[in-house]
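Structural overview
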Amino acid sequence: MSEKLQIAKPESRLYMSFLYVAFISLFIGGLMGLLQTLVRSGEFTMPWGVDYYQILTLHGVILGLVLTTYFIIGFQYSLMGKTVGISFKQRKMAWIGFWVMVIGTIMTAITILLGKASVLYTFYAPLQAHPVFYIGLAFVIIGSWIAAFVNFRQLYVWKQKHPNEKSPLLAFMVVINMIMWVIASLGVAVAVVVQFIPWSLGYAETINVLISRTLFWYFGHPLVYFWLLPAYMAWYAIIPKIIGGKIFSDSLARIAFILLLFFSIPVGFHHQLTEPGIDPIWKFVQVVLTFMVVIPSLMTAFSIFATFEITGRRKGFRGLFGWFKHLPWKDVRFLAPVIGMLAFIPGGAGGIINASHQMNAVVHNTIWVTGHFHITAATTVVLTFFGITYWLVPHLTGRKLTKSINRLGIIQSIFWAVGMTIMSGAMHIEGLLGAPRRSSFSTYGGTEQASEWIGYQMAQAIGGSILFIGILLMVYIFIKLTFFAPKGNEEFPIAEEEENAEQTPKWLENWKLWIAITIALILFAYTIPFVDIIQNSPPGSPAFDWPIGNS
Amino acid sequence: MHLHKYEKIWLVFGVGSLIFFLLILGFGAFWLGTHPQSHGVTIDPNNLEAHEAFEPENLGVTKVADDEYIVNIVASAFNYDLGTDEEGTPVKNIRIPKGSTVLFQVASPDVVHGFNVAGTNVNMMVEPGYISSIETVLDNVGEYTIVCNEYCGVGHHQMFASLEVYE
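Residues numbered from 1 in each chain as written. Chains lettered and ligands numbered in written order. Predicted model: local features only at pLDDT ≥ 70, side-chain atom pairs only at ≥ 80, totals over all residues. Heavy atoms only, no water.

Notes on the interface of chain B and chain A
Taken together, the contacts link 64 residues of chain B with 76 residues of chain A. Counting each side, the surface lost to burial between chain B and chain A is near 5,500 Å², with a carbon and sulfur contribution of 68%. The interface formed by chain B and chain A holds two salt bridges in total. With its nearest N and O atoms 2.8 Å apart, the salt bridge here joins Arg438 of chain A to Glu150 of chain B. The tally of links from chain B across to chain A stands at 25 residue pairs in polar contact (both at pLDDT 80 or more). (Contact = heavy atoms within 4.5 Å. Buried area = accessible area lost by both parts, 1.4 Å probe. Salt bridge = Lys/Arg side-chain N within 4 Å of Asp/Glu carboxyl O. Polar contact = N/O pair within 3.5 Å; in protein donor to acceptor, adjacent residues only side chain to side chain.)

Right, here's the structure in full:
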């Protein structure tokens, strides 16, 4: 098996290139985040006439779209390379995808830096950015599709060579995630290519705002699952190995991923609950579908803690919680993702509140939402990605995760946990008091409510500063692991099944069936309301570029 | 397929609470009628005044009956237009007695805005082409900030008004 082999140079160069972009993004995007919290404390103004919303756009695009996509694709390639292999031809295609994404990223970044695209990462019409912004985004999506099709091809080739064998678990998970990604990003691709690009170039006079928003959120919610599933991959199949255990159940993990595929896409309306023009019954249908992801999430929670307990007890630690105390807390490869898992408990609960049919009105577009995705995406997902970095980068560069880097990593994880608790906690409370998200500092004419908010914004600036120290540490660790750590071999930890594990049923690999059910659910959830939106649409909106300071 | 016994218990408990929770949401929506706003009425964003509610003289607070009010607002970058007072100065602060039923109707002639009476569940997206509306009973005395909570451009944080609920 290839697990024993040290990784080949050209392969590692490919995977590392994605990680380079990811960590450069982490640094730039993190700096923008720090500046935002400082501006919003009311004690700091941006120099050189830079606008708050410009750095907000950069922060959102570069962390939400660039960092995540590059890290995930690099990580998934390495998982595929390890479990099913990558051919010369596939690697070449992968490089093409990489460069298409880089070109797109640069185009988008430049338009934002020039102040021509301060439309935030949601780019809601009819605010209009420079056409290059949308074209760059389209390139990023196309590049990611190339990655998806290379992944599909990798598994297909492996299957041809291994008839009657079940696919490796991690390869299965990567393919699920990329199927979801392709189906979901079709929505935003249609919006960008059919609506935004012709409209921004002046070929179409008006744009249908509600359709563009519906297509965006058809993509925008699965987007967060596209971030989360790689973290789940690490939790299901990598963390057990790090703690010296086995996979709890191969079939359970596969079923969880299939359910996540089903219920991540047909749910976008829960982001649009407070919009006019969408029928409340269909909003409710999508709310119900949204909550179905609770099932695979609970399955994941069960199986991970079961693995922890089984492993601990097998090592001889008794008592109700004896096994818990003896988990490898001093191993950063374990600690960082586990902090992420713990953050997902309040994160998931907050998500249930956001998606609730009526409760949403209390928190919609308040800074509570920002707090929510800073403990889900920016803590759960990002800390798991950091946990992956500690072994993946030295494995790819042929270096060692030394004791001192491990210690620094633990300090980094603690900084992250503390900074995020302060910042995200303050955002949650402030949001419940009614403070808006995505707004620069304002006293709102000196009202009593607004003055209550400012104290929490101070706390966010403190949390943000601690987080930025965490980012500096992480970038330092990344550079150290890439270029300066001592040479050696670092394990690529992939957990195995129990020897006497139950057979994974064959039907779990019925791809056609899973894709068909996914599409059926999407058609069920979207067809009638979408026809309704088109039939009852108001006159289209012309372009507005002056409100973003672009005149 | 084999499922662990504890996992079956866990899943039954989880799915059971999920069903219970959805029943509560459904009860609220279909028996009590507390849907989020989905007025579904379209309007030409280039000609809001063609609609009676958004004629300049109808903006702001209108008393329609005892304890019943309508508030019409044009939300544009970066202002809430609540009409003018007798001297012709723009109204920024509206006052409504406690316990009144109030219908808020908001429309936008330009980009997407938010309309949130901070700290309450009067919270709507305002999109060009649609009238956003919500009816509510103002039960709690106090001064509320009305904030635009959807990014509408560089002056977004300057877009606000206030609502006073008095005894």
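Read on for the rest.
Brief notes about the confidence of the model for chain A
Here chain A shows a mean pLDDT of 93. Residues at 70 or above account for 99%. Across residues 1-5 of chain A, confidence stays below pLDDT 50; counting only partners more than four residues off in sequence or on other chains, it has four contacts. (pLDDT = per-residue confidence, 0-100.)

Here's the deal with the sheet that holds strand S7 (residues 113-117) of chain B
Residues and elements named next belong to chain B. If you walk across this open sheet you meet the five strands as S5-S11-S10-S7-S8, and the pairing is mixed. Where the open sheet ends on each side, the last strands, each with one partner, are strand S5 (93-97) and strand S8 (123-126). Between one strand axis and the next, the sheet turns through 20 degrees on average, direction left out of account. As paired elements, S5 and strand S11 (residues 160-166) share five bridges and run parallel to each other. Paired with Arg95 across the two strands is Glu164, which belongs to S11. (Pairing = 2+ DSSP bridges. Helix = DSSP H or I, 4+ residues; strand = E, 2+ residues; numbered from the N terminus. Axes fitted to C-alpha atoms, helices over the stretch in contact; angles between N-to-C directions.)

Some thoughts on a nonpolar patch on the surface
All names here are of chain A. A surface patch of nonpolar side chains, about 730 Å² in accessible area, is lined by Tyr20, Ile24, Phe27, Ile28, Leu472, Ile479, Phe483 and Phe484. Where the nonpolar patch is concerned, the elements lending two or more residues are helix H1 (9-40) and helix H16 (448-484). Taking the relative accessible area as the measure of exposure, Phe484 reaches 60% and is therefore exposed. (Patch = residues over 30% accessible without salt bridge, like charges linked within 9 Å, V, L, I, M, F, W, Y side chains within 5 Å. Areas by Shrake-Rupley, 256 points an atom, 1.4 Å probe, with all protein chains shown as cover. Buried < 20%, exposed > 50% of the residue type's maximum accessible area, 1.4 Å probe, protein only.)

Quick look at a negative patch on the surface
All names here are of chain B. On the surface, a cluster of negative charge is made up of Asp66, Asp67, Glu68 and Glu135. Relative to the elements of secondary structure, Asp67 occurs in the loop between strand S2 (60-65) and strand S3 (68-76). Judged by its relative accessible area of 45%, Asp67 falls in the partly exposed class. (Lys, Arg positive; Asp, Glu negative; His and termini not counted. Charge placed at Lys NZ, Arg CZ, Asp CG, Glu CD.)

Quick word on helix H8 (residues 250-264) of chain A
For H8 of chain A, built from 15 residues, the straight-helix expectation of 21 Å at 1.5 Å per residue is met to within 8% by its first-to-last C-alpha distance of 21 Å. When you tally the buried positions in H8 of chain A, you get 15 out of 15 residues, the bulk of the element. (Expected span 1.5 Å × (residues − 1).)

Quick look at the nonpolar core
Counting residues in each nonpolar core, the largest one holds 221 residues, and the members touching the most others are Phe123, Phe133 and Phe308 of chain A together with Phe104, Phe115 and Leu163 of chain B. A per-element tally of this core places helix H5 (residues 169-201) of chain A first, with 21 residues. Once you skip the residues sitting within four places of it in the chain, Phe115 of chain B turns out to touch Ile73, Tyr80, Phe104, Val106, Val122, Asn123, Met124, Val126, Ile146, Val147 and Asn149 of chain B. (Core = buried A, V, L, I, M, F, W, Y, C linked by side-chain atoms within 4.5 Å.)

Here's the deal with the packing of aromatic side chains
Residue and element names in this part refer to chain A. Tallied over the entire structure, the rule returns 56 aromatic pairs over all chains. Aromatic side chains Tyr20 and Phe478 sit 6.2 Å apart centroid to centroid with 80 degrees between the ring planes, which places their arrangement in the edge-to-face category. A residue pair is termed long-range when its members are at least 10 positions apart, and Tyr20 in helix H1 and Phe478 in helix H16 qualify at 458 residues. Given a relative accessible area of 6%, Phe478 falls into the buried group. (Phe/Tyr/Trp six-rings, centres within 6.5 Å; stacked < 30°, edge-to-face > 60°.)

So, unusual backbone geometry
The residue after Ala125 of chain A, namely Pro126 of chain A, is reached through a cis peptide bond having omega 5 degrees. Tracing the chain through its elements places Pro126 of chain A in the loop between helix H3 (88-113) and helix H4 (131-161). Cis rather than trans, the peptide bond between Ala77 of chain B and Phe78 of chain B has omega equal to 0 degrees. Relative to the assigned elements, Phe78 of chain B resides in the loop between S3 and strand S4 (79-81). A positive phi angle, close to 40 degrees, is found at Arg438 of chain A, a residue other than glycine. Residue Arg438 of chain A is classed as buried on the basis of its relative accessible area, which comes to 9%.

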